[in-house]
Amino acid sequence: MGIAVGQVKERATLEEMRIRVGHALQRHPLCRNVQFDIMSVPRTARGGNWTISLRSVEPAALWEASDIIADIQAAYDLQMPAELSSAA
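We now turn to the structure provided with this report. This is a predicted model, so every value here is computed, not measured.

1. Observations concerning the overall build of the protein
Right, so step 1: Along the protein, the regular secondary structure elements total three helices and four strands.
Right, so step 2: Tracing the protein from N to C terminus, the helices and strands come up as β-α-β-β-α-β-α.
Right, so step 3: The burial tally for the protein puts 30% of its 88 residues in the buried class.

2. Quick notes on the nonpolar core
The nonpolar side chains of a soluble globular protein tend to be buried with one another.
Right, so step 1: Counting residues in each nonpolar core, the largest one holds 19 residues, and the members touching the most others are M17, V21, L25, W50 and I72.
Right, so step 2: Breaking this core down by element, the ones donating at least two residues are α1 (14-27), β2 (35-40), β3 (50-55), α2 (62-75) and β4 (76-78).
Right, so step 3: Looking at this core, the element that brings in the most residues is α2, giving five residues.
Right, so step 4: Beyond its immediate stretch of four places on either side in the chain, V21 contacts F36, I38, I52, I69 and I72.

3. Comments concerning unusual backbone geometry
Right, so step 1: Phi is positive for S56, close to 55°, though the residue is something other than glycine.
Right, so step 2: Following the sequence through the fold, S56 ends up in the loop between β3 and α2.

Analysis parameters
- Residues numbered from 1 in each chain as written.
- Predicted model: local features only at pLDDT ≥ 70, side-chain atom pairs only at ≥ 80, totals over all residues.
- Heavy atoms only, no water.
- Helix = DSSP H or I, 4+ residues; strand = E, 2+ residues; numbered from the N terminus.
- Buried < 20%, exposed > 50% of the residue type's maximum accessible area, 1.4 Å probe, protein only.
- Core = buried A, V, L, I, M, F, W, Y, C linked by side-chain atoms within 4.5 Å.
- Contact = heavy atoms within 4.5 Å.

Note that every value here comes from positions in space, so none of it alone points to a role or purpose.
In structure tokens:
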């Protein structure tokens, strides 16, 4: 999937991110039992402001789950609570 340089990431809330990641993992047969947590983190040099902690990953699913997560992280930026209240 990847993201082009200069392309703006889509903004999503923490709950929207949970839904997107959950659905993406469910679509891959090896990743259906992967459990995960999404956390807000300070913005990194690469531009990300959220990360995922994978739990209960079978060894055969590790690379696939990591690739799915990387694609989602490349496409989405976490919308912070202060941004939600100013958008209303």
